[in-house]
Amino acid sequence: MWSLIVAIVVGFFAGLIARALHPGEDKAGFIVTTLLGIAGSLLATYGGRLLGLYGENSAAGFIASVVGAIIILFIYNLVTKKS
C-alpha cells in the first residue's frame, strides 16, 4: 500500500520534470501532465517488478519514474497528434 502512495507522489514530480525535459510544444495542462507522471511512475514500478528489478513492496526510483513518465508523455503526444 505504501509503495503505491510513494509511486503516486514520486510520479507527480516525475511528470513535471518529464514535461520540462520533453522537447517540443505540449498542449497538456498541469493536471494531465501530473496524471501522465503518475502513470509513468506506476509503469516503472510495476514494469520493474515484472522484470524482477524491484521487490514486491518496493516502488521505482525517481529516475526510473521520470523515464516512465517521458515514455507515457511520448505515447500521449503520438496519440493526440493523430486525432
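Residues numbered from 1 in each chain as written. Predicted model: local features only at pLDDT ≥ 70, side-chain atom pairs only at ≥ 80, totals over all residues. Heavy atoms only, no water.

Naming follows an unreviewed UniProt entry, where the protein chain appears as GlsB/YeaQ/YmgE family stress response membrane protein of Acinetobacter courvalinii. UniProt, in its Sequence similarities (unreviewed entry) section for the protein chain, records the words "Belongs to the UPF0410 family." Here the protein chain is described in UniProt, under the heading Subcellular location (unreviewed entry), as follows: "Cell membrane". (UniProt positions renumbered as here; feature names shortened; annotations may be inferred.)

Summing up its helical and strand segments, the protein chain has three helices and zero strands in all. Going from N to C terminus, the protein chain has its helices and strands arranged as α-α-α. For the protein chain, the proportion of its 83 residues judged to be buried stands at 34%. A fraction of 65% describes how many contacts in the protein chain between residues 6 or more apart in sequence connect residues 24 or more apart. Approximately 5300 Å² of the protein chain is accessible, and the part contributed by carbon and sulfur atoms is 74%. (Helix = DSSP H or I, 4+ residues; strand = E, 2+ residues; numbered from the N terminus. Buried < 20%, exposed > 50% of the residue type's maximum accessible area, 1.4 Å probe, protein only. Contact = heavy atoms within 4.5 Å. Areas by Shrake-Rupley, 256 points an atom, 1.4 Å probe, with all protein chains shown as cover.)

The next subject is helix α2 (residues 30–50). Here α2 is 21 residues long and its end C-alpha atoms lie 30 Å apart, about the 30 Å a rise of 1.5 Å per residue gives. Residues of α2 that are buried: T33, T34, L36, G37, I38, G40, S41, A44, T45 and G48. G52 occupies a position one or two residues after α2 and carries a positive phi of about 80°. (Expected span 1.5 Å × (residues − 1).)

Taken as a whole, this structure holds one aromatic pair when the rule is applied. Note on F12 and F13: the rings are 5.0 Å apart at their centroids and 75° apart in plane angle, and the pair reads as edge-to-face. We classify F12 as partly exposed; its relative accessible area is 26%. What makes F13 partly exposed here is its relative accessible area of 43%. (Phe/Tyr/Trp six-rings, centres within 6.5 Å; stacked < 30°, edge-to-face > 60°.)

Okay, the confidence of the model for the protein chain next. Averaged over every residue, the pLDDT of the protein chain is 80; residues scoring 70 or more account for 88%. Here helix α1 (residues 2–21) is the element of the protein chain with the lowest mean pLDDT, 78, and α2 is the one with the highest, 84. (pLDDT = per-residue confidence, 0-100.)

Relative to the helices and strands, S41 resides in helix α2. On the accessibility criterion, S41 (0% relative accessible area) is buried. A C-alpha to C-alpha distance of 7.1 Å links S41 and V66, two positions 25 residues apart in sequence. Those residues in contact with S41, other than ones at most four positions away along the chain, are A7, V10, G11, A60 and S65.

Attention now goes to the environment of S58. Among the structural elements, S58 can be located in the loop between α2 and α3 (62–82). Using a relative accessible area of 31% as the deciding quantity, one classes S58 as partly exposed. Along the backbone, S58 and W2 are 56 residues apart, and their C-alpha atoms lie at a distance of 8.8 Å.

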